[in-house]
Number of protein chains: 2
Amino acid sequence: MNLIRRIETGHGEFLLFALTPPRLATEPGQVREIADVTTARLRPLGLDGLILYDIADEAERNPAERPFPFMPTLDPADYLADHLDAWPTPVIVYRAVGKYAPEELRGWLTAQDPARVMTVLVGAASSAAATRMSLADAQALRREANAALTLGGVAIPERHSRREDEHLRLLAKQESGCRFFVTQVVYDLNAAKSFVSDYHYECRSRGVPRVPLVFTFSVCGSMKTLAFLRWLGVDVPRWIENDLRHAADPLEASYQQALATATELIAFCRALDVPFGINVESVSIRRVEIEASVRLAEALRAQLRS
Amino acid sequence: MNLIRRIETGHGEFLLFALTPPRLATEPGQVREIADVTTARLRPLGLDGLILYDIADEAERNPAERPFPFMPTLDPADYLADHLDAWPTPVIVYRAVGKYAPEELRGWLTAQDPARVMTVLVGAASSAAATRMSLADAQALRREANAALTLGGVAIPERHSRREDEHLRLLAKQESGCRFFVTQVVYDLNAAKSFVSDYHYECRSRGVPRVPLVFTFSVCGSMKTLAFLRWLGVDVPRWIENDLRHAADPLEASYQQALATATELIAFCRALDVPFGINVESVSIRRVEIEASVRLAEALRAQLRS
């Protein structure tokens, strides 16, 4: 079953792979080369879909220094249109809505083919951010401009640990048209389980259908990357940090850890019969990390029943 | 190897079972009967040791209403001396030090046989409690009165989640003579793993030996018992609470959950080569809950290499 149909009918087990577009400063010829290498690498994985992130600076997220400097990247919509036209599956394009003027976003939404593209609209990382459009306005715009375009939202299990209301946020987004949710990278299995469990029982008590929850995993090859994940708001349990810090091969330790966490979360979702997908994120430009992400996607593909 | 020798030499994999003494209001004849039934039930388990809790009111712990009323119990030292004289293994007697005058505690400590009894000294649940003796004073008293008596302390992984310093508290207690630590009931696997991991790496960096960490597990047959655990300061993740609330058989769900958590923690400790023990706690007076605790101890016994 095609990914879009599967999501629209609330069916799980699918595999996605998420990329950031090349840096804005990349030479045009090199962009094409990166696209070709990437698609050649991903094609054998049998992915159900691709995710393209929309990177925002998010300096307002956190007063602490950003562990990696912010590098603007190509617009994911442009990257898709110009360089990934031959990619065979549906593509989910993120839109950091605060970056766009309403007319700009409306133009893009209107032009999309709902049989090929889905979108995840992302609100500002902080309520203090100067934004050009709110998430609610962007959601309304999608309904007006292209109601057939399948809409997703972000889910943040970490927020659930602190406020215990992430499932209610999801239900509100569902009412605004979201048909699936994608998490940040999952390191805190406990938070993810509690979030799934509360979402499941709340849907059941309201008689509302459960939409697919897509859990994101990635590998982390260095303590600096881990610090960056923390800066982005990901809760990394101390024992995982210690494991990576003291591992002879942190990348391999991280790969094993991600595989174990994903495996346990898959079993948990199945036990509750919650539809789910897996997203493997590769945001590093280091070749060994990219290859480990591909290996992770292969290993998780083998576990999914689709 | 005898439990005391094993603890003194820092060797793990042992199994304990923890009981509260009968209520103070119990008829003397009935106390003997309870002791006989209990020991008959526990004898086939091949336990390495028994723990006797010292129950304090702890009303100052929590301004919220105690889910179960406080019922004073027999003094664990009296229960041991009067009714468990035929029990074959070493016994760990808890002492809630705030309850005793120094001379009272000194008398008891002096009279103990270090080849048969160990003690865990427990400080007040809250710094606001009116106590007759501090934990530090009680630890000093043990050194003076009976230095050969093996001393343990309590460990609270939940506190580690909030303050990230429980491993440092343990190291301070180790300097005060503690040779093992016993946790509260473990429901939050993540907190327990982070606590073990930080303890392990801190000991390694200081060149201090790691002493056995004893992890406590129990079954929970009702939402009221769960509420009581929360009142006592145990972090029960939302997903576990949901599982129990919606289970056809909450006691069986709790049994499976405890077994899975213990199994994962055993593997984690072995991977770090941290010496550990398992303690199964039975504090309910309901027969089905007692029987499920015994079943849990049997299942965990089978996993230990001792």
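The name given to chain A in an unreviewed UniProt entry is Methylenetetrahydrofolate reductase, and the organism recorded there is Solirubrobacter deserti. In the Cofactor (unreviewed entry) part of its UniProt record, chain A is described as follows: "FAD".

1. Focus: the overall build of chain A
Of the regular secondary structure elements, chain A holds 12 helices and eight strands. For 306 residues, the compact-globule formula gives about 19 Å, and the C-alpha radius of gyration of chain A, at 18 Å, lands near that figure. A principal-axis box enclosing the C-alpha atoms of chain A has dimensions of 55 × 55 × 40 Å. Relative to its full complement of 306 residues, chain A shows a buried share of 55%. When contacts within chain A are restricted to residue pairs at least 6 apart in sequence, those whose partners lie at least 24 apart make up 82%. Roughly 12,800 Å² of accessible area belongs to chain A as shown, and the carbon and sulfur atoms make up 52% of that amount.

2. Overview of the relation of the copies chain B and chain A
Mapping between the two copies of the chain is achieved by a rotation about an axis and a shift along the axis. For the match of chain B to chain A, the screw axis carries a shift of 0.0 Å, the RMSD comes to 0.0 Å, and the turn is 180°. In short, the pair behaves as if placed about a two-fold rotation axis. By C-alpha distance to the rotation axis, the residue of chain B lying nearest is B:Asn190, at 3.4 Å. Both copies present the same face, since 100% of the interface residues in chain B are matched by interface residues at the equivalent positions in chain A.

3. Topic: the side chain of B:Ser197
Structurally, B:Ser197 is set in helix 8 (residues 189-206). Relative accessible area serves as the criterion here: at 0%, B:Ser197 is assigned to the buried category. If we ignore the near neighbours within four places in the chain, the residues touching B:Ser197 are A:Trp239, A:Asn242, B:Phe268 and B:Leu272.

4. Points about the state of the cysteines
Residue and element names in this part refer to chain B. All told, the structure shown has zero disulfides over all chains when counted by the stated rule. Cys 203 provides the cysteine sulfur closest to Cys 269, a residue in no disulfide bond, and the two sulfurs are 13 Å apart. Residue class for Cys 269 comes out buried when judged on its relative accessible area of 0%.

5. Here we look at the nonpolar core
Within soluble globular proteins, side chains that are nonpolar generally end up buried alongside one another. Of all hydrophobic cores here, the largest spans 79 residues; its most connected members are A:Phe17 and A:Phe215. Here the element with the most residues in this core is helix 11 (residues 250-272) of chain A; it accounts for 10 residues. Not counting the four nearest positions on each side in its chain, A:Phe215 is found in contact with A:Thr183, A:Val186, A:Phe195, A:Val196, A:Leu265, A:Cys269, A:Phe276, A:Gly277, A:Ile278 and A:Asn279. Counting 78 residues, the second largest nonpolar core, distinct from the first, contains A:Val236, B:Ala138, B:Tyr201 and B:Phe217.

6. Overview of the packing of helix 11 (residues 250-272) of chain B against helix 12 (residues 287-301) of chain B
All names here are of chain B. Between helix 11 and helix 12, the least distance of the axes is 11 Å, while the angle of their chain directions is 25°. One finds that helix 11 runs roughly parallel with respect to helix 12. Handedness of the crossing formed by helix 11 with helix 12: right-handed. Where helix 11 approaches helix 12, its residues Leu 251, Glu 252, Tyr 255, Ala 258, Leu 259, Ala 262 and Ile 266 are matched on the opposing element by Val 288, Glu 289, Ala 292, Arg 295, Leu 296, Ala 299 and Leu 300. For the contact of helix 11 with helix 12, the per-class residue count stands at 11 nonpolar, no polar and three charged.

7. Some remarks on unusual backbone geometry
Here A:Glu164, not a glycine, exhibits a phi torsion of approximately 55°, which is positive. With respect to the helices and strands, A:Glu164 occurs in the loop between helix 6 (157-163) and helix 7 (166-175). Phi angles above zero are rare outside glycine, and B:Asp273 is one such case at about 60°. For B:Asp273, the position within the fold is in the loop between helix 11 and strand 8 (276-282).

8. A look at helix 9 (residues 223-231) of chain B
Residue and element names in this part refer to chain B. Burial in helix 9 covers these residues: Thr 225, Leu 226, Phe 228, Leu 229 and Trp 231. Those residues of helix 9 hidden inside the fold are in contact with strand 6 (178-185), helix 10 (238-246) and helix 12. Looking at the residues trailing helix 9, positive phi occurs at Gly 233, about 105°.

9. As for the pattern of salt bridges
Pairing is possible between side chains that carry opposite charge, provided their charged atoms lie close to one another. Evaluated as defined, the whole model comprises 40 salt bridges over all chains. For B:Asp54, the salt bridge goes to B:Arg95, with nearest N and O atoms at 3.9 Å. With B:Asp54 in the loop between strand 2 (49-52) and helix 3 (76-83) and B:Arg95 in strand 3 (residues 91-96), this residue pair connects regions lying 41 residues apart in the sequence. Here B:Arg206 makes a salt bridge to B:Glu202, at a shortest N to O gap of 3.0 Å. Here B:Arg206 pairs with B:Glu202, and both are found in helix 8, just four residues apart, close to one helical turn. The structure contains a network of salt bridges with shared partners spanning A:Asp54, A:Asp75, A:Arg95 and A:Lys99.

10. Overview of the pairing of strand 3 (residues 91-96) of chain A
Every other side chain in a regular strand lies on the same face of the sheet, so the side chains alternate between the two faces. All names here are of chain A. Of all six residues making up strand 3, six are buried, and the element is well covered by its neighbours. Across the two faces of strand 3 the burial is the same, with Val 91, Val 93 and Arg 95 and Ile 92, Tyr 94 and Ala 96 all buried. Bridge count between strand 2 (residues 49-52) and strand 3: three bridges; the pairing is parallel. Note that in strand 3 the partner of Ile 51 across the bridge is Ile 92. Where strand 3 lies against strand 4 (residues 117-122), six bridges are found, and the strand directions are parallel. Note on strand 4: the bridge partner recorded for Arg 95 is Leu 121. Running through helix 4 (residues 102-111), the crossover from strand 3 to the neighbouring parallel element strand 4 is right-handed.

11. Observations regarding the packing of aromatic side chains
To describe a pair of aromatic rings, one takes the distance between the centres and the angle between the planes. Tallied over the entire structure, the rule returns eight aromatic pairs over all chains. Look at A:Tyr53 and A:Tyr94: their rings are 5.0 Å apart centre to centre, the planes differ by 80°, and that puts the pair in the edge-to-face class. With A:Tyr53 in the loop between strand 2 and helix 3 (76-83) and A:Tyr94 in strand 3, this pair connects stretches of sequence that are 41 residues apart. Assessed through its relative accessible area of 7%, A:Tyr94 is described here as buried. Arranged with centres 6.1 Å apart and planes meeting at 15°, the rings of A:Phe228 and A:Trp231 form a pair that is stacked. Residue A:Phe228 and its partner A:Trp231 are located together in helix 9 (residues 223-231), separated by three residues, close to a single helical turn. One aromatic cluster in this structure is built from A:Phe68, A:Phe228 and A:Trp231. Sitting over the ring of A:Trp239, B:Lys193 keeps its end group 4.1 Å from the ring centre. Its guanidinium or amino end placed over the ring of B:Tyr255, B:Arg295 lies 4.2 Å from that ring's centre, counting from NZ or CZ.

12. Observations regarding helix 8 of chain B
Residue and element names in this part refer to chain B. The end-to-end C-alpha separation of helix 8 is 26 Å, in line with the 26 Å expected for 18 residues at 1.5 Å each. Among the 18 residues of helix 8, 14 are classified as buried, and the element is accordingly described as predominantly covered. Put simply, Asp 188 is the residue that caps the front of helix 8, since its side-chain oxygen is 3.2 Å from the backbone nitrogen of Asn 190.

Procedures and definitions
As a convention, each chain's residues are numbered from 1 in the sequence order in which they are written. For naming, the first written chain is A and the first written ligand is 1, with later ones following in the order written. Since the coordinates come from a predicted model, pLDDT governs what is reported: local features require at least 70, and pairs of side-chain atoms require 80 or more to be given and counted, while whole-chain, interface and lining totals use all residues. The side-chain figures draw on all heavy atoms in the structure; neither hydrogens nor water molecules are used. UniProt positions are given in the numbering used here, feature names are shortened, and annotations may be inferred rather than shown by experiment. Each helix is a run of DSSP H or I of at least 4 residues and each strand a run of E of at least 2, with the numbering of both proceeding from the N terminus. We take the radius of gyration over the C-alpha atoms and set the globule estimate at 2.2 Å times the residue count to the 0.38 power. Under the scheme applied here, a residue whose accessible area is under 20% of the maximum for its type counts as buried, over 50% as exposed, and between as partly exposed, the area being computed with a 1.4 Å probe on protein chains only. Residue contacts are defined here by distance: any two heavy atoms, one from each residue, within 4.5 Å place the two residues in contact. Per-residue and other accessible areas were derived by the Shrake-Rupley procedure at a 1.4 Å probe size, with only the shown protein chains allowed to occlude residues. Copies are brought into register by a least-squares superposition over C-alpha atoms of residues with pLDDT of at least 70 in both. Any pair of cysteine sulfurs within 2.5 Å is marked as a disulfide. Put simply, buried Ala, Val, Leu, Ile, Met, Phe, Trp, Tyr and Cys residues joined by side-chain atoms within 4.5 Å make one nonpolar core. Orientation is described by lines fitted to C-alpha atoms, with helices fitted over the stretch in contact, and by angles between N-to-C directions that extend from 0 to 180 degrees. Each angle receives one of four descriptions, namely roughly parallel if under 35 degrees, roughly antiparallel if over 145, roughly perpendicular if within 65 to 115, and oblique otherwise. Handedness of a helix crossing follows the sense of rotation of the near helix relative to the far helix, less than a right angle counterclockwise being left-handed and clockwise being right-handed. Under the scheme applied, nonpolar residues are Ala, Val, Leu, Ile, Met, Phe, Trp, Tyr, Cys and Pro; charged residues are Asp, Glu, Lys and Arg; polar residues are all the others, including Gly. The working definition used for a salt bridge is a side-chain nitrogen of Lys or Arg within 4 Å of a carboxyl oxygen of Asp or Glu. A pair of strands counts as paired when DSSP detects no fewer than two bridges linking them. Here the term right-handed applies to a crossover when the path leading from its first strand over the helix to its second strand runs clockwise, the strands being oriented away from the viewer. Centre distance within 6.5 Å is the pairing criterion for rings of Phe, Tyr and Trp, where only the six-membered ring of Trp is used; planes under 30 degrees apart are then read as stacked, over 60 as edge-to-face, and the remainder as tilted. Look at NZ for Lys and CZ for Arg. If either is within 6 Å of the ring centre and within 35 degrees of the ring normal, a charge sits over the ring. Expected span, for any helix, means 1.5 Å times one less than how many residues it has. In the analysis that follows, any N or O atom pair within 3.5 Å is treated as a polar contact, provided that within protein one partner can donate a hydrogen and the other can accept it, and provided that, for residues neighboring in sequence, both atoms belong to side chains.

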